[in-house]
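Chain by chain, the residues:
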Amino acid sequence: MCYNVEFKPKTGDKWGTACTVKVPEATVPNLTPNEAYLFRVVAINEKGKSEPKDLGLPVVTKDVEIEPSVNLLFNTYSVKAGDDLTLEVPVRGRPKPVVSWKKDGLPLKQTSSLTILNTATSSKILIKEAKREHVGKYEITLANTAGTVTTDIGVVVLDKPGPPKAIKVDAVTSDSITLSWSPPEYDGGCSISNYIVEKRDTNTQEWQMVASNVARTCFKAGRLTHGAEYQFRIYAVNRYGKSTYLDSPGIVAQYNFKQPGPPSTPIVKLATKSYMLVTWNEPVVDGGSAVLGYHLERKERSSILWTKMNRGMIKDTEYKVNGIEEGMMYEFRVYAENIAGIGKCSKACEPVAARDPCDPPGTPVVTAITRTSVSLSWDKPEYDGGAKVSGYIIERRDLPEGRWTRCNFTNVPETHYDVTGLTENSKYDFRVIAKNAAGLFSEPSDNTGPITVKDDVDPPRIMMDVKFRETVFVKAGETLKINADLAGRPAPVVSWTKDGKEIELRARIQIVTTDTSTSVIVKDCIRRDSGQYALTLQNIAGAVTMPINCVIIDKPGPSAGPLQITGLTAEECTLSWGPPQEAGGADITHYVVEKRETSRLAWTLVKGDVTKTYFKVKGLQKGNEYIFRVLAVNKYGLGEALESDAVKVTDPYTIATAPAGVDVTAITGDSMTLTWCKPASDGGSPIIGYVIERREKTGMRWIRVNRDLVVECTTVATKLRKACEYDFRVYAENAAGLSPPSEPSATFRAMDPLVVPSRPTKPKIISSTKDSVSIVWKPPADDGGAPILGYSVEYRDYIRKPLEFTITGLKTDAKYEFCVKAINKVGSSARSPYSDGAAAMDRTAEPSFDVDIEMRKVLIVKHGTAFTLNVPFKGKPVPSVEWAKEGVDLKVRGTIESTDSSTSLTIEKSNRNDSGEYSVTIESPLGKATLPMVVKVLDSPGPPVNVKVSAVTRDSATLTWEAPENDGGDAVKAYHVEKREASKKWVKCATVRTMTHTIKSLREGAEYFFRVRAENHAGLSTTSSFTTAFFDITYHSAVLFYFTEAPEFDLTNYPKNTVYVKAGSDLTFEIPLTGRPMPKVTMSKNNVVIKGSKRLLTEVTPDSLIITLNESISSDAGKYEITASNAGGTTKIFIIFIVMDRPGPPIDEGEEQHPLAEGQ
């Protein structure tokens, strides 16, 4: 019997016979790789073939993969040191796996003692003469396409162990040393059985066995010599032998720690009249050894002897002291002790009285509640335990089952406290514990009971005095206090502001706030304290603000800057500024303008009563550099100065160019009419006029023609010599001066042109009667070069009377017109224009004065002379005349004469009382007219008025007075001051221009009389009577007395207390200084008083200090201190000298001695 194996591709239709076998197993060769085939088997015997049996599933022809695998009998191999070792690992897998080895994670390298052999079924490692370096974990990795497998194999070489590691000194005493170490990294393949410890004194080379069978890795070596240095050696031992040794460093046998530091200051936790409980804290430094215990000492406060309280060592940090006397004050101190001994004592506690503790505080009361806080208040304990209560501890607990916790972590000396950080809608319980100055605590107070935390709010309110609703006025230097009551729940937050900014607290500005009130206090008020103060209260219910306006009454501050300078020329400029921002609580009355040349230190008054915020300064010197300043004045005095920058006075323009085109357009026998063209350039300043010069052709000298400047480009040159030839030239003048002259004109001869005169003006009817008419006219503008011989009136052939004629023989009430002709030797002119029609009838005229401008000027006459006021007038009918002067009957004082056309007033022997306004009035039925005239009689002035003694010292008196009511027609130029003692003659003291004078060198305690008289150009006031000549002091006995006044400097004129001087120049400046008696002055620099200096000199006058520095050098620069002292006090100031010079060489560090201190 046999078997046929048939096959066909999965996609084919025909079966083929692959092979015939007799056993039930067959291999089909020669198939296509990766092709799917179907297989079936047919059994064959003698009778034939059976039905085929299909394999069922198609089979793909491909190689079979087997994942690598390792089958080890042992995972660890041991070998004795020096023996050989073979590691054989069977290898399985299809295809054949790739083998790789690692040792301790690193690729294994073959050496002379290690060889790797790989075969088809295994991999071997051959180790010759195994050593410690062969110990480790070997890793074999097999990998093929079916997978990767890794297996670890441990190799142990049995040998002596390695040396121990990391020796440490655990403890050192005076006779022992405790060591510890770590086991060897390599134990030789078996456990360490024991350790061997040896020692040697470092002074010898011999090692001694200390212990040969130490089981653990620590050892205490005893019986050592105190202070000796030892070295230790340790071996590890296993069953294969002893390792190499490990040596320790040198170790001295002595304690390596010190006595402990002092404990904390002890506290008497509880004090009664019979015992005290004392507690303390451990010392910060234990000296390197744990504290074994404590020793407590006490003494009475009045004693110096300390007594130990404990017999044995106190193990705890608390001790109960018995055996005390009631009422005595005790102090305690503590010592700590460790193995090295007893350390230093602590600080002694404050003395504590032996009394029973204080009573608990009163039950706390809730005063305010918010959603996160509760405000509590309570009463003090009824009994304080014999010492003042110094503070309180507030505790709380959460309800229902919370623990008591402390609320305050700082001392609370008050009997109220705000507990914060609470949870809204939670319930709490509170209590308070008192602590007195003896450091003793009371029992807790009674609890408040459950308190629910939630908002209990009331909007803030401000209650303030009604006077603060109006503006508050406070004088400078006084104290401003604004106070208000406040309310609100919770307690509102208080804030004070000024002009919208928070008030900064200073030494003179304080804000005091309590639960129910607040106030702001400003001491020594100054101008800038003026403004709007505002009080704001705020809590969770809202906010409220109350403004308070305050004005500080003082001198004004500086004017608003900058001080602008405009319109600058060589002689003047215009200053402008703004009103002061700080007016000092009063209106600015005026301004004071001052100037100073930069080369000078003193300020000069320009104008002392400027009412505008601008002023034109005149009289400046061209080329000089000036600084100006303005000071505002109110009724409280002179304010601070606003200074300008330095400005140099120069013209902003130049002279004009020369005029051109000078020509003569008209010529007469004594005059010529000139014309010219304006200059091409006016030099930046408008042309203000022209100057014309002439020169005779035969002469060389140019003569000015016009006295006043000619504004237009034409003029008439008069007073020429007839038939003489002239040249002319013209200068243009602007603010900078005269221009160069123009080119001279052509030469012209002064000759009259002989022509008919121009016609006269239109005649004017001035009067008429029943049979006549009077007419007037003005001469012609041009007489034709010949004098007017007469005029011809049309009614008559020839008129001899010039400019006026009365025509007679006319018919009454008939109307006539008139005209006039002028006649010279050449002939008659054309007729003048016809007059208006006029009837021959009587005429009337209103009264009027026929006076020129001279009559309206002030008439000045000298005392004792006569003067006459003559006034012509007109009017028909003739008006009546009346003269008048206030308070004077002129008919008696003078002589009045009047005619139909004029009136006059004559005054004989005039005096000062004749000065004033005179008026003359003329009146007729047609009207009335009045003419005022002013007469000034030059005479001696009247007496000064309001003479007063304003100040008196022991040797001087100061007089003040006012100008005379009548100055005699001329300004007072001086005042004469006289004095006399009782029963003595009058003696002249001084002649002054001001209305104040200080009379010095008087005798203390004496009585004096004083008088003053005025002087003008007419002479001195008379001395004949008390009322007209002198004013004696109303209190006839001015007794001199002495008073003191502390010295005071005025540095207003020295900004930043600084003066400047150029190196090599002299410097002299004056500082106003007041004080009675006259103060003594010293100067110092770098705390060295300057005495005997030949270059730095000081001079004290009654009202100033004059400092002179001669030949200044760079080392004179620096800060000088000036001290002035007298019986009234002492004052100090400093002045900085700046010497302007090239810089000197660098100097070494150290103090430089001032040359003036050496008496230079």
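Computed from a predicted model, the values in this text were never measured in an experiment.

### Structural notes on the overall build of the chain
A tally of regular secondary structure across the chain gives one helix and 95 strands. On C-alpha atoms alone, the chain measures out to a radius of gyration of 66 Å, which is more than a quarter above the 32 Å that the 2.2 N^0.38 rule sets for 1160 residues. Each of the 1160 residues in the chain was classed as buried or not, and the buried ones make up 40%. For the chain, long-range pairs separated by at least 24 residues make up 64% of all intrachain contacts whose partners lie at least 6 apart in sequence. Both charge centroids of the chain, one from 144 positive and one from 142 negative side chains, sit 2 Å from each other.

### Things to note about the UniProt feature "domain: Fibronectin type-III" (unreviewed entry) in the chain
UniProt feature "domain: Fibronectin type-III" (unreviewed entry): in the numbering of this structure it lies at residues 1-64, 163-260, 262-357, 360-456, 559-653, 658-753, 759-847 and 943-1031. Here residues 163-260 is 0% helix and 50% strand, with 39 Å between the C-alpha atoms at its ends. End C-alpha to end C-alpha, residues 559-653 measures 31 Å, and it is 0% helix and 54% strand.

### What about the sheet that holds strand E36 (residues 405-406)?
Strands sit in the order E36-E35-E38-E39 across an open sheet of four strands; the sheet is antiparallel. One side of each edge strand has no neighbouring strand; the edge strands of this open sheet are E36 and strand E39 (451-452).

### Quick look at the packing of aromatic side chains
Any aromatic ring pair is given by two values, namely how distant the centres are and how the planes are angled relative to each other. Taken as a whole, this structure holds 20 aromatic pairs when the rule is applied. Judged by centre distance (5.9 Å) and plane angle (65 degrees), the rings of Phe-7 and Tyr-37 are edge-to-face. Of the two residues, Phe-7 sits in strand E1 (residues 2-9) while Tyr-37 sits in strand E3 (residues 36-44), which places them 30 residues apart along the sequence. Assessed through its relative accessible area of 21%, Phe-7 is described here as partly exposed. Its relative accessible area of 5% is what places Tyr-37 among the buried residues. The interplanar angle of 20 degrees and the centroid separation of 6.1 Å between the aromatic rings of Tyr-1008 and Phe-1010 together place this pair among those described as stacked. Considered together, Tyr-1008 and Phe-1010 belong to a single accessibility category, that of buried residues.

### What to know about the pattern of salt bridges
The tally for this structure, following the rule as stated, stands at 30 salt bridges. One salt bridge in this structure joins Arg-527 and Glu-582, with 3.2 Å as the shortest N-O distance. A residue pair is termed long-range when its members are at least 10 positions apart, and Arg-527 in the loop between strand E46 (517-522) and strand E47 (531-539) and Glu-582 in the loop between strand E50 (573-578) and strand E51 (590-597) qualify at 55 residues. The exposure class assigned to Arg-527 is buried, which follows from its relative accessible area of 12%. Using a relative accessible area of 29% as the deciding quantity, one classes Glu-582 as partly exposed. The network of salt bridges with shared partners includes Arg-527, Asp-554, Glu-582 and Glu-640.

Reading the values: the criteria
Residues numbered from 1 in each chain as written. Predicted model: local features only at pLDDT ≥ 70, side-chain atom pairs only at ≥ 80, totals over all residues. Heavy atoms only, no water. Helix = DSSP H or I, 4+ residues; strand = E, 2+ residues; numbered from the N terminus. Rg over C-alpha atoms; globule rule 2.2 N^0.38 Å. Buried < 20%, exposed > 50% of the residue type's maximum accessible area, 1.4 Å probe, protein only. Contact = heavy atoms within 4.5 Å. Lys, Arg positive; Asp, Glu negative; His and termini not counted. Charge placed at Lys NZ, Arg CZ, Asp CG, Glu CD. UniProt positions renumbered as here; feature names shortened; annotations may be inferred. Pairing = 2+ DSSP bridges. Phe/Tyr/Trp six-rings, centres within 6.5 Å; stacked < 30°, edge-to-face > 60°. Salt bridge = Lys/Arg side-chain N within 4 Å of Asp/Glu carboxyl O.

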